[in-house]
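Below are the chains, spelled out letter by letter.
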Amino acid sequence: MEDRVVDSSFSRIWLCLLVACMMFASCEEQTEHTAPAIHDRDSVAVMVTNGVNTLISDSGLIKYRLVAERWEVNQTKNPPRWYFDKGLFMTQFDEKFHVQLYIQCDTAYHYDTRRLWELRGRVHVLTKDGLDFKSEELFYDMNKREFYSYKYSTLITPERTLQGTYFRSDETVTNYYVSNSKGSFEKGDIMNEEKETETTEKKDTTNTAPIRQQAQPQRKLMSR
């Protein structure tokens with residue numbers, strides 16, 4: 001009887017050791033497939049939201065409506081930014097919540113500390129007055145409340161069409177400036193521009209200046 005008891009106890013001990021070895025081996029196999037830790041936190045987004053339709057305030061007033069398929073917020077990058085990699089549609093309002101303009105682009109960045117928007121791709125701006133702006137790049141400085149672009153741009157209004165390599169305007173795109181410009185004008189539009197004040201930035205100075213220089217010699221010939 002004692003031999004049987006000893007054999008039984010040894011069998012139980014060997015069985016326990018065998019089970020423990022199997023469990024230890026299985027644990028080792030699982031740890032081999034564990035992914036390495038992410039050390040570069042600069043590449044990790046703090047928040048990712050899909051299907052965005054939200055209102056954004058500026059200086060205590062609701063100023064924009066944002067509609068986007070994907071919105072990524074990353075506060076660890078330098079500078080911190082919002083990222084819209086699948087397009088952005090933005091509506092701008094005035095103090096009375098009236099629509100001022102619409103903005104659409106393929107990709108957008110918002111740098112929170114700089115209060116700066118960077119729009120890329122097919123950028124399209126349409127104002128309530130019918131002004132149509134198109135370019136591959138557009139910046140909006142929220143501190144200065146102005147738009148600007150260093151890319152080739154097309155500006156279409158009910159009166160004219162302008163094209164240039166530099167664009168700047170106020171936030172409502174009612175006072176704007178286009179340099180290195182060319183475009184088409186209605187008959188008599190140049191004469192009307194000469195009556196405008198020199199401080200009006202809408203004047204296309206690159207086209208009106210040569211006409212003034214040609215007109216002066218003609219008056220002298222007539223007087224002789």
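Residues numbered from 1 in each chain as written. Predicted model: local features only at pLDDT ≥ 70, side-chain atom pairs only at ≥ 80, totals over all residues. Heavy atoms only, no water.

**Points about the packing of aromatic side chains**
In step 1: For the structure shown, the criterion picks out 15 aromatic pairs.
In step 2: Look at Tyr109 and Tyr111: their rings are 6.3 Å apart centre to centre, the planes differ by 5 degrees, and that puts the pair in the stacked class.
In step 3: Residue classification places Tyr111 among the buried residues on the basis of a relative accessible area of 9%.
In step 4: One cation-aromatic arrangement involves Arg114 over Tyr111; the distance from NZ or CZ to the ring centre is 5.8 Å. (Phe/Tyr/Trp six-rings, centres within 6.5 Å; stacked < 30°, edge-to-face > 60°. Buried < 20%, exposed > 50% of the residue type's maximum accessible area, 1.4 Å probe, protein only. Lys NZ or Arg CZ within 6 Å of the ring centre and 35° of its normal.)

**Notes on the pattern of salt bridges**
Pairing is possible between side chains that carry opposite charge, provided their charged atoms lie close to one another.
In step 1: Under the counting rule described, the total for this entry stands at 10 salt bridges.
In step 2: When the shortest N-O distance is used, the salt bridge between Asp85 and Arg70 registers 3.4 Å. Here Asp85, found in the loop between strand 3 (81-84) and strand 4 (88-93), pairs with Arg70, found in strand 2 (residues 61-74); they are 15 residues apart in sequence, far enough to count as distant.
In step 3: With relative accessibility at 28%, the residue Asp85 sits in the partly exposed group.
In step 4: When salt bridges that share partners are traced, they join Asp58, Lys63, Arg115, Arg145 and Glu171 into one network. (Salt bridge = Lys/Arg side-chain N within 4 Å of Asp/Glu carboxyl O. Helix = DSSP H or I, 4+ residues; strand = E, 2+ residues; numbered from the N terminus.)

**Description of the nonpolar core**
In step 1: Counting residues in each nonpolar core, the largest one holds 31 residues, and the members touching the most others are Leu66, Phe84, Leu88, Trp117 and Phe167.
In step 2: Elements with a minimum of two residues in this core: strand 1 (47-58), strand 2, strand 3, strand 4, strand 5 (99-105), strand 7 (116-127), strand 8 (132-141) and strand 13 (176-179).
In step 3: The leading source of residues in this core is strand 2, at 5 residues. (Core = buried A, V, L, I, M, F, W, Y, C linked by side-chain atoms within 4.5 Å.)

**Examining the pairing of strand 11 (residues 160-164)**
For a regular strand, side chains alternate in direction, first toward one face of the sheet and then toward the other.
In step 1: Residues Arg160, Leu162 and Gly164 of strand 11 are buried on one face, while the alternating residues Thr161 and Gln163, pointing to the opposite face, are not.
In step 2: Two elements, strand 10 (residues 153-156) and strand 11, share 4 bridges in a ladder whose sense is antiparallel. Across the sheet, residue Thr154 finds its bridge partner in strand 11, namely Gln163. (Pairing = 2+ DSSP bridges.)

**Quick notes on the environment of Leu61**
In step 1: With respect to the element layout, Leu61 can be found in strand 2.
In step 2: With a relative accessible area of 41%, Leu61 lands in the partly exposed category.
In step 3: With 34 residues separating them in the primary sequence, Leu61 and Glu95 have C-alpha atoms 7.0 Å apart.
In step 4: Excluding its chain neighbours within four sequence positions, the residues that come into contact with Leu61 are Ile56 and Glu95. (Contact = heavy atoms within 4.5 Å.)

**Details of the confidence of the model for the chain**
In step 1: Within the chain, residue pLDDT values average 76, and 61% of them lie at 70 or more.
In step 2: Contacts from residues 2-6, a stretch scored under 50 in pLDDT, to residues over four places away or in other chains number 0 contacts.
In step 3: pLDDT under 50 marks residues 193-224. Its contacts with residues more than four places away, or in other chains, come to 28 contacts. (pLDDT = per-residue confidence, 0-100.)

**Quick look at the environment of Val178**
In step 1: Within the secondary structure, Val178 sits in strand 13.
In step 2: Its relative accessible area of 13% is what places Val178 among the buried residues.
In step 3: For the pair Val178 and Ser149, spaced 29 residues apart in sequence, the C-alpha separation works out to 9.7 Å.
In step 4: Sequence-distant contacts of Val178, that is, excluding residues within four places in its chain, are made with Leu155, Leu162, Gln163, Gly164, Tyr166 and Phe167.

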